[in-house]
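Coordinate inspection notes
The residues making up each chain are set out below.
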Amino acid sequence: MVVLAASIVTKSGKAVISRQFREMQRSRIEGLLASFPKLTSTGQQHTTVETEHVRYVYQPLEELFIVLITNRQSNILQDIESLHLFARVVTDICRSCDEHDILRNAFELLCAFDEIISEGYRENVNLSQVKSIIEMESHEERIQEIIAKNKEQEAKEELKRRAKQFDMQKKEAQKRGQGFMQGNFSSQNNYMGGRFSPALEPTVQTTMDSPYVSRSSTPPAPSSKARGMQLGRKPKSSDLFEAIKTEVEEPLLKSSRSSVSGGGMTKNPEGIHVNIEERVSLAANKDGGLEQMEVRGVLTLRVGDGSSGRVRLTLQAADDPAINFKTHPNVDKAVFKNEKAVQMRDTSRAFPVNQNLEVVRWKFTTRDETAVPLTINCWPSPAGDGSCDVNIEYELEADQLELRDVVVSIPLPAEPSVTVHSADGSYFVDRQRRSLDWQLPVINSSNKAGSLECNIPGEDVNGFFPVMVSFVSERLICDVDVNDVQNLETDAPAEFTKDILLSADDYTIG
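Note that the structure is predicted; figures quoted are calculated from it, not measured.

Thresholds applied
- Residues numbered from 1 in each chain as written.
- Predicted model: local features only at pLDDT ≥ 70, side-chain atom pairs only at ≥ 80, totals over all residues.
- Heavy atoms only, no water.
- Helix = DSSP H or I, 4+ residues; strand = E, 2+ residues; numbered from the N terminus.
- Areas by Shrake-Rupley, 256 points an atom, 1.4 Å probe, with all protein chains shown as cover.
- Patch = residues over 30% accessible without salt bridge, like charges linked within 9 Å, V, L, I, M, F, W, Y side chains within 5 Å.
- Salt bridge = Lys/Arg side-chain N within 4 Å of Asp/Glu carboxyl O.
- Lys, Arg positive; Asp, Glu negative; His and termini not counted.
- Charge placed at Lys NZ, Arg CZ, Asp CG, Glu CD.
- Axes fitted to C-alpha atoms, helices over the stretch in contact; angles between N-to-C directions.
- Parallel < 35°, antiparallel > 145°, perpendicular 65-115°, else oblique.
- Left-handed = near helix turned anticlockwise from the far one by under 90°.
- Contact = heavy atoms within 4.5 Å.
- Nonpolar A, V, L, I, M, F, W, Y, C, P; charged D, E, K, R; others polar.
- 1 Å grid on protein atoms, 1.4 Å probe; cavity = no way out; pocket = protein on both sides within 12 Å on 5 of 7 lines; lining within 4 Å.
- Points joined across faces, edges and corners; volume = space filled by probe spheres on them.
- Pairing = 2+ DSSP bridges.
- Core = buried A, V, L, I, M, F, W, Y, C linked by side-chain atoms within 4.5 Å.
- Buried < 20%, exposed > 50% of the residue type's maximum accessible area, 1.4 Å probe, protein only.
- Polar contact = N/O pair within 3.5 Å; in protein donor to acceptor, adjacent residues only side chain to side chain.

Glancing now at the overall build of the chain. A tally of regular secondary structure across the chain gives eleven helices and 24 strands. Carbon and sulfur atoms make up 47% of the accessible area of the chain, which totals about 27,700 Å².

Structure follows, in structure tokens:
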């Protein structure tokens, strides 16, 4: 079968979205779609109609039609099967299959269409495979979201706890016949220091000094004068609550926001910026043998000025047929395949302005151990006294890479205590997570190998697995890079900036 185009059209023949799988003029597609309603007969249940040159295979989609345009020699049974898959993909992505919802999800739909049909021929995929391909979920992003939620929850709990402490101290002071007014903290602190129990004294000192001294520009009002009823005045407990809110909540929330937004794309607001990112996932057994390694990458383009939107990016990549590249539906696939360049299929059009557009994605899967960037070997041996002597070794296999911020986390199966005999780099015992974090700032060709020797409580050698590894690098495994950018309007080189990042997504041993 040869599918020429897949389209979603209105009953009048107007194209909502359309994806061509063979080289065809836009006017030709629009003409075929415009003549489609005239060929269909109302009140009949046919799903195909033919002309002298093409065949239409169609299915109603609420107020719209989903139409496949094929040649007349194609297999009608395969065409109908493909049509049903297209319809299921559309209904799965769009909540309501109206024109507005189709346009809102146009990018996801076109990406899904490309996964079903390639160069006019049907790919051997089903609905679940198409969904998993276009989602490309990020394990690290989910972890960052969980961390942010946990920090926000901790801030709220701390805020409630400290407000409750102030209320308890206020009631205690009232029982002893002393006012608990927020104006004169210096005298009140002296009073509380002499009369309160030692357990409450440090809390009073630390929570009352800094927020008010730094914010108050007027001398404190005398606390001995009686005050009448004041309308509109907030209760003192509310004042205390608001006073400590900034002290407790802002630093925690600020840190959580920075941790989530730290991995965002660096933007060049006035020019062209390219962001190239790879995430590597690896699963190895306890003996260090590779079970599976997967690399997923994406090249994101951002054009900050409309005058520089018509550009062409010249790429480089590792010459490996195992690397599977996918381009954006509007990118010229033939040019990318033959010349490793990224440009619009219609060169008279410009790339969108002020949008982070993913123009190329790639995937590399292998079980070849020579492709592993960093190998980790963990050797636990029972010491005979209820503990194990553990030796951990690393070796950089890819000499061209320079790994930074490397952390090797080893679980602590028994109590969170470690006796380290020797270590390259530094280490940290995380008692909350019950793990030993071996930290190496840089691993490159000058320090390709290193080790850590320690003694850890616990006799079960399987308890020291899985070992988790994290790192970042400015060099990619698939060696994708942008060599230059050319402005197609002026036919001259264009200035651009770029960020390159490789990170470990799920790097597990054991």
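So that's the structure; there's more coming.
Negative charge collects at one region of the surface, where Asp385, Asp389, Glu393, Glu395, Glu397, Glu453 and Glu459 lie side by side. Considering every element that reaches the negative patch, the biggest residue donor is strand β15 (residues 387–396), with three residues. Inspection of the secondary structure puts Glu393 in strand β15.

Looking now at the packing of helix α4 (residues 106–116) against helix α5 (residues 127–135). At a closest axis distance of 10 Å, the pairing of α4 and α5 adopts a crossing angle of 125 degrees. Looking at the two axes, α4 sits oblique to α5. Every pair of crossing elements has a handedness; the one defined by α4 and α5 is right-handed. Listed contacts from α5 to Cys111, Ala112, Glu115 and Ile116 of α4 are Val130, Ile133 and Ile134. Residues of the contact of α4 with α5, tallied by class, amount to six nonpolar, no polar and one charged.

Here we come to the layout of surface pockets. Taking a probe equal in size to a water molecule and rolling it over the atoms shows the remaining empty space. What the second largest pocket holds in volume is close to 1,500 Å³. Surrounding the second largest pocket, 42 residues form its lining, Arg19, Gln20, Pro329, Val331 and Arg345 being those nearest its centre. Looking at the lining of the second largest pocket, the elements that each hand over two or more residues are β2 (15–20), α1 (26–39), α4, β6 (117–118), β11 (323–327) and α11 (333–339). Of the residues that constitute the lining of the second largest pocket, the class distribution is 20 nonpolar, seven polar and 15 charged.

We now examine the sheet that holds strand β23 (residues 492–494). Paired through their backbone hydrogen bonds, the strands of a sheet run either parallel or antiparallel. Ordered by their spatial adjacency, four strands build an open sheet running β12-β10-β22-β23, and the pairing between neighbours is antiparallel. Each end of this open sheet is capped by a strand with a single partner; those strands are β12 (341–342) and β23. When strand β22 (residues 481–487) meets β23, the two strands line up antiparallel, connected through three bridges. Looking at the pairing, Asn487 lines up with Ala492 of β23.

Another point: the pairing of strand β18 (residues 426–430). Bridge count between β18 and strand β19 (residues 435–443): five bridges; the pairing is antiparallel. Note on β19: the bridge partner recorded for Asp430 is Ser435. Adjacent in sequence and paired antiparallel, β18 and β19 are bridged by four residues, among which Arg434 carries a positive phi angle near 55 degrees.

Now for unusual backbone geometry. In this structure, the amide linkage connecting Phe465 to the following residue, Pro466, adopts the cis form with an omega of 0 degrees. Looking at the secondary structure, you find Pro466 in the loop between β20 (449–457) and β21 (467–473). A positive phi angle, near 55 degrees, is found at Asp491, a position not held by glycine. As for its placement among the helices and strands, Asp491 is situated in the loop between β22 and β23.

This next bit is on the nonpolar core. Ranked by internal contacts, the top residues of the largest apolar core, which has 67 residues, are Leu299, Leu313, Trp362, Leu374, Phe471 and Tyr507. Judged by nonpolar contacts, the second largest core, of 29 residues, contains Val57, Leu85, Ile102 and Leu110.

This part is about the pattern of salt bridges. A full pass over the atoms with the stated rule returns 24 salt bridges. Across the pair Arg161 and Glu158 runs a salt bridge, and its minimum N-O distance is 2.7 Å. Of this pair, Arg161 and Glu158 both sit in helix α6 (residues 139–175), three residues apart, which is roughly one turn of that helix. Residue class for Arg161 comes out partly exposed when judged on its relative accessible area of 41%. Residue Arg312 pairs with Glu339 through a salt bridge whose shortest N-O separation is 2.4 Å. Placement of the pair is Arg312 in strand β10 (residues 311–316) and Glu339 in helix α11, with a sequence separation of 27 residues. In this structure Arg312 comes out as buried when scored by relative accessible area, which is 17%. The network of salt bridges with shared partners includes Glu50, Arg55, Arg72 and Asp79.

For the rest of this paragraph, the subject is the environment of Thr48. Here Thr48 shows up in strand β3 (residues 48–50). Leaving out residues up to four positions away in the same chain, Thr48 has contacts with Tyr56, Val57, Tyr58 and Ile76.

Turning our eyes to something else, we now look at the environment of Arg22. Here Arg22 is to be found in the loop between β2 and α1. Look at Arg22 and you get partly exposed, because its relative accessible area is 33%. Every residue in contact with Arg22, bar those within four places of it in the chain, is listed here: Val2, Leu4, Glu119, Gly120 and Tyr121. Within the structure, Arg22 has its side chain in polar contact with the backbone oxygen of Glu119 (distance 3.0 Å).

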